[in-house]
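Here's the letter readout for the chains.
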Amino acid sequence: QVQLVESGGGTVQAGGSLRLSCAASGRRFSSYAMGWFRQAPGKKREFVASISWGGGSTYYVASVKGRFTISRDNAKNTVYLQMNSLKPEDTAVYYCNVVLGLSTPGGSWGQGTQVTVSS
């Protein structure tokens, strides 16, 4: 089973950038597709982006396409989310998880990392 620890969140002004990291434990990390999800206050958790086990394929929700980039380093058991041109509506707690298919979470949730974008 993969255990996950997210980091890199913070407060940034609209138009700014942040890079989130997700450190995974477990020998089978490189076997799994991974993804990022987010939950804004009062809203359901939603899918943001996913990446295939080898890193060759990525998939994004329409609202972040062109602004966010997901990547992974299997040697470091880490998946990243580079977020540029941030908007106030990107404010949420961000989580990583194993992904089934393109966007279905398939593992346990970590504690997440808070991203706040001020206008």
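It should be emphasised that the depicted structure is a prediction, and the values quoted were computed from it without experimental measurement.

### Here's the deal with the state of the cysteines
Part 1 of the argument: Evaluation of the coordinates by the stated rule reveals 1 disulfide.
Part 2 of the argument: Residue pairing for Cys22: its cysteine sulfur links by disulfide to Cys96, the two sulfurs lying 1.8 Å apart. As the torsion about the S-S bond is roughly 50 degrees, the Cys22-Cys96 disulfide counts as right-handed. On the criterion of sequence distance, the pair formed by Cys22 in strand S3 (residues 18-25) and Cys96 in strand S9 (residues 92-100) is long-range, its members being 74 residues apart.
Part 3 of the argument: A relative accessible area of 0% places Cys22 in the buried class.

### Considerations on the side chain of Asp90
Part 1 of the argument: Tracing the chain through its elements places Asp90 in the loop between strand S8 (78-83) and S9.
Part 2 of the argument: Among the polar contacts made by the side chain of Asp90, one reaches the side chain of Arg67 at a distance of 2.8 Å.
Part 3 of the argument: Residue contacts for Asp90: discarding those within four places in its chain leaves Arg38, Arg67, Phe68, Ser85, Val115 and Val117.

### Quick look at the packing of aromatic side chains
Part 1 of the argument: One pass over the structure, following the stated rule, counts 4 aromatic pairs.
Part 2 of the argument: For the pair Phe37 and Trp109, a centre-to-centre distance of 5.3 Å together with 90 degrees between the ring planes defines the contact as edge-to-face. With Phe37 in strand S4 (residues 33-39) and Trp109 in the loop between strand S10 (104-105) and strand S11 (113-118), the pair connects residues that are 72 residues apart, well separated along the chain.
Part 3 of the argument: Residue classification places Trp109 among the partly exposed residues on the basis of a relative accessible area of 33%.
Part 4 of the argument: Lying over the aromatic face of Tyr80, Arg19 brings its terminal NZ or CZ to 4.0 Å of the ring centre.
Part 5 of the argument: Over the aromatic face of Tyr95 sits the side chain of Arg45, whose NZ or CZ is 4.4 Å from the ring centroid.

### Details of the pattern of salt bridges
Part 1 of the argument: Per the stated rule, a full pass over the model turns up 3 salt bridges.
Part 2 of the argument: The partner of Glu46 in a salt bridge is Arg38, with the nearest N and O atoms 2.7 Å apart.
Part 3 of the argument: Relative accessible area serves as the criterion here: at 33%, Glu46 is assigned to the partly exposed category.
Part 4 of the argument: In this structure Arg38 comes out as buried when scored by relative accessible area, which is 6%.
Part 5 of the argument: Of the charged contacts, one joins Asp90 and Arg38 as a salt bridge, the two residues approaching to 3.0 Å between their closest N and O atoms. You can see Asp90 sitting in the loop between S8 and S9 and its partner Arg38 sitting in strand S4, a full 52 residues away along the chain.
Part 6 of the argument: We classify Asp90 as buried; its relative accessible area is 1%.
Part 7 of the argument: Because the salt bridges share partners, they merge into one network encompassing Arg38, Glu46, Arg67 and Asp90.

Basis of the calculations
- Per-chain numbering applies: the sequence of each chain, read as written, is numbered from 1 onward.
- The predicted nature of this model means local features are confined to residues of pLDDT at least 70 and side-chain atom pairs, given and counted, to a pLDDT of 80 or more, with totals for whole chains, interfaces and linings taken over all residues.
- Note that water and hydrogens are dropped before the side-chain values are worked out from all heavy atoms of the structure.
- Note on terminology: pairs of cysteine sulfur atoms within 2.5 Å are recorded as disulfides.
- Every helix listed is a DSSP run of H or I at least four residues long, and every strand listed is a run of E at least two residues long, numbered separately from the N terminus.
- Only protein chains enter the area calculation, which uses a 1.4 Å probe; residues under 20% of their type maximum are buried, those over 50% are exposed, and those in between are partly exposed.
- For the purposes of these results, a polar contact is taken to be a pair of N or O atoms within 3.5 Å, where, inside protein, one atom must be able to donate a hydrogen and its partner to accept one; residues adjacent in sequence count only when each atom of the pair is a side-chain atom.
- Only heavy atoms matter for contacts: two residues are in contact if any of them lie within 4.5 Å across the pair.
- Planes of paired rings set the category: under 30 degrees apart is stacked, over 60 is edge-to-face and the rest tilted, where pairs are Phe, Tyr or Trp rings (Trp by its six-membered ring) whose centres lie within 6.5 Å.
- Whether a charge sits over a ring depends on NZ of Lys or CZ of Arg being within 6 Å of the ring centre and within 35 degrees of the ring normal.
- A pair is scored as a salt bridge if a Lys or Arg side-chain nitrogen falls within 4 Å of a carboxyl oxygen belonging to Asp or Glu.

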